[in-house]
Amino acid sequence: GQQLNQSPQSMFIQEGEDVSMNCTSSSIFNTWLWYKQDPGEGPVLLIALYKAGELTSNGRLTAQFGITRKDSFLNISASIPSDVGIYFCAGQREYGGSQGNLIFGKGTKLSVKP
Amino acid sequence: DSGVTQTPKHLITATGQRVTLRCSPRSGDLSVYWYQQSLDQGLQFLIQYYNGEERAKGNILERFSAQQFPDLHSELNLSSLELGDSALYFCASSPRPSPSPYEQYFGPGTRLTVT
């Protein structure tokens, strides 16, 4: 099935660093969601975006809905150890039926720098 | 805690067998979605129900089926299991059906291992 292009695939963070990741698609989406998944758990919703150009924050997390409606960005400021995990973007396309359901990126794995 | 519950947490079974996974959505949510998560395919949408009726199908195999009951809980039935069906199965719920803008809340998942 279709998936979003999410990058980077993995990254190492040092406490206090800012982190950026993004998701792109060749198709237009009308909703972008960002989730975080810890090992053995289900994805937890972090931020939801509904309008092109929208910038939304949730604590140290900020996400943006790209103007072209084909991309989205997530930034984490001043990272802390509990930020480690896998971050997924998910998009909902414009039309109904199965195209109205969520399509997920493959995830960005955040780990602590050794 | 998202409010979505799934049972069992873990399931180990043999090839050729049939299993049933159960999901209870958040209180008040009418939509239930099932997803499969495997290492190589990521999170893949399987099927959606809204208020008891099938709404959309994704990459769901013919060996798999689901239903949503009047009390809104849902069951995913997997039959003639193959080794490749080993994966995490997640249920998510939402108050509205697609294509309305919405948020989906995920349960803790069921880890299925087929031996």
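Preceding this section is the structure that the text describes.
Attention here is on the structure that accompanies the text. Here the structure is a predicted model, which means the values were calculated and not measured.

Thresholds applied
- The written sequence of each chain sets the order in which its residues are numbered from 1.
- The lettering of chains begins at A and the numbering of ligands begins at 1, in the order of writing.
- For a predicted model such as this one, the threshold for reporting local features is a pLDDT of at least 70, and the threshold for listing and counting side-chain atom pairs is 80 or more; totals across whole chains, interfaces and linings nevertheless cover every residue.
- Hydrogens and waters are ignored; side-chain quantities use all the structure's heavy atoms.
- Here a helix means four or more residues in a row that DSSP labels H or I, a strand means two or more in a row labelled E, and each is numbered from the N terminus.
- The size measure is the radius of gyration over C-alpha atoms, and the globule rule it meets is 2.2 Å times the number of residues to the 0.38 power.
- For every residue, the accessible area (1.4 Å probe, protein chains only) is compared with the maximum for its type, and the residue is labelled buried under 20%, exposed over 50%, or partly exposed between those bounds.
- Here the positive residues are Lys and Arg and the negative ones are Asp and Glu; neither His nor the chain ends is included.
- A single reference atom marks each charge: NZ on Lys, CZ on Arg, CG on Asp, CD on Glu.
- Whether two strands pair depends on DSSP finding at least two bridges between them.
- For helices, the axis comes from a line fit to the C-alpha atoms of the stretch in contact; other axes are also lines fit to C-alpha atoms, and the angle between any two N-to-C directions lies between 0 and 180 degrees.
- Both cavities and pockets are sets of points on a 1 Å grid over the protein atoms alone; in a cavity a 1.4 Å probe fits but cannot get out, in a pocket the set is open with protein on both sides within 12 Å along at least five of seven lines, and lining residues sit with an atom within 4 Å of a point.
- Grid points are joined across faces, edges and corners, and a volume is the space filled by probe spheres set on the points.
- For this classification, Asp, Glu, Lys and Arg are treated as charged, while Ala, Val, Leu, Ile, Met, Phe, Trp, Tyr, Cys and Pro are nonpolar and the rest, including Gly, are polar.
- Here, residues are in contact when the closest pair of their heavy atoms is within 4.5 Å.
- Centre distance within 6.5 Å is the pairing criterion for rings of Phe, Tyr and Trp, where only the six-membered ring of Trp is used; planes under 30 degrees apart are then read as stacked, over 60 as edge-to-face, and the remainder as tilted.
- The definition of a polar contact used here is a pair of N or O atoms within 3.5 Å, where within protein one atom must be able to donate a hydrogen and the other to accept one, and adjacent residues in sequence count solely through side-chain atom pairs.

Another point: the overall build of chain B. Counting its regular elements, chain B contains zero helices and 11 strands. Ordered by position from the N terminus, the helices and strands of chain B form the series β-β-β-β-β-β-β-β-β-β-β. Whereas a compact globule of 115 residues would reach a radius of gyration of roughly 13 Å, chain B reaches 13 Å, a difference of no more than 12%. The dimensions of chain B, computed from C-alpha atoms along their principal axes, are 40 × 30 × 25 Å. Among the 115 residues that make up chain B, the fraction classed as buried is 51%. Charge separation in chain B, taken as the distance between the mean sites of 9 positive and 11 negative side-chain charges, equals 2 Å.

Strand pairing in a sheet relies on backbone hydrogen bonds. The paired strands run either parallel or antiparallel. Residue and element names in this part refer to chain A. With respect to topology, five strands assemble into an open sheet ordered β1-β3-β8-β7-β6, the strand pairing being antiparallel. The open sheet has two edge strands, β1 (5–7) and β6 (55–58), and neither has a second partner. Between one strand and the next, the sheet's axes are offset by a mean angle of 15 degrees, whatever the strand orientation. Sheet analysis places strand β3 (residues 19–24) next to strand β8 (residues 71–76), joined by six bridges and oriented antiparallel. Among the inter-strand pairings, Ser20 is bridged to a residue of β8, identified as Asn75.

Estimates place the volume of the largest pocket at around 520 Å³. Around the largest pocket, the lining comprises 21 residues; the ones closest to its centre are Gln37 and Ile86 of chain A together with Gln37, Ser38 and Leu39 of chain B. Where the lining of the largest pocket is concerned, the elements lending two or more residues are β9 (85–93) and β11 (108–112) of chain A together with β4 (31–38) and β9 (87–94) of chain B. Of the residues contributing to the lining of the largest pocket, the split by class is six nonpolar, nine polar and six charged.

Turning our eyes to something else, we now look at the sheet that holds strand β3 (residues 19–24) of chain B. All names here are of chain B. With respect to topology, four strands assemble into an open sheet ordered β1-β3-β8-β7, the strand pairing being antiparallel. The strands lining the two open edges of the sheet, one partner per strand, are β1 (5–7) and β7 (64–68). The sheet shows a mean angle of 15 degrees between the axes of neighbouring strands, taken without regard to direction.

Moving on, we get to the side chain of Gln36 of chain B. Residue and element names in this part refer to chain B. By the element assignment, Gln36 lies in strand β4. The class of Gln36 is buried, set by a relative accessible area of 16%. Excluding anything up to four places from it in sequence, Gln36 contacts Gly42, Leu43, Gln44, Leu46, Phe64, Asp85, Ala87, Leu88 and Tyr89.

All names here are of chain A. Tallied over the full model, the rule gives 10 aromatic pairs over all chains. Ring geometry for Tyr35 versus Phe104: centroids 5.8 Å apart, planes at 45 degrees, classification tilted. Of this pair, Tyr35 sits in strand β4 (residues 29–37) while Phe104 sits in strand β10 (residues 102–104), placing them 69 residues apart in sequence. Here Tyr35 falls in the buried class, since its relative accessible area comes to 0%. Take Phe104: its relative accessible area is 1%, and that puts it in the buried class. A ring pair is formed by Phe88 and Phe104, whose centres lie 6.4 Å apart and whose planes are at 80 degrees; its orientation type is edge-to-face. Residue Phe88 is located in strand β9, and its partner Phe104 is located in strand β10; the two are separated by 16 residues in the primary sequence.

Take the side chain of Gln68 of chain B next. Residues and elements named next belong to chain B. Position of Gln68 among the secondary structure elements: in strand β7. A relative accessible area of 6% means that Gln68 is categorised as buried. Here the side chain of Gln68 touches Gly52 through a polar contact of 2.8 Å, landing on its backbone nitrogen. Reaching out from Gln68, the side chain makes a polar contact with the backbone oxygen of Leu72 at a distance of 3.1 Å. Those residues in contact with Gln68 that sit more than four places away from it in its chain are Leu30, Val32, Tyr49, Tyr50, Asn51, Gly52, Glu53, His73 and Ser74.

The values are spatial; any link to function lies outside them.
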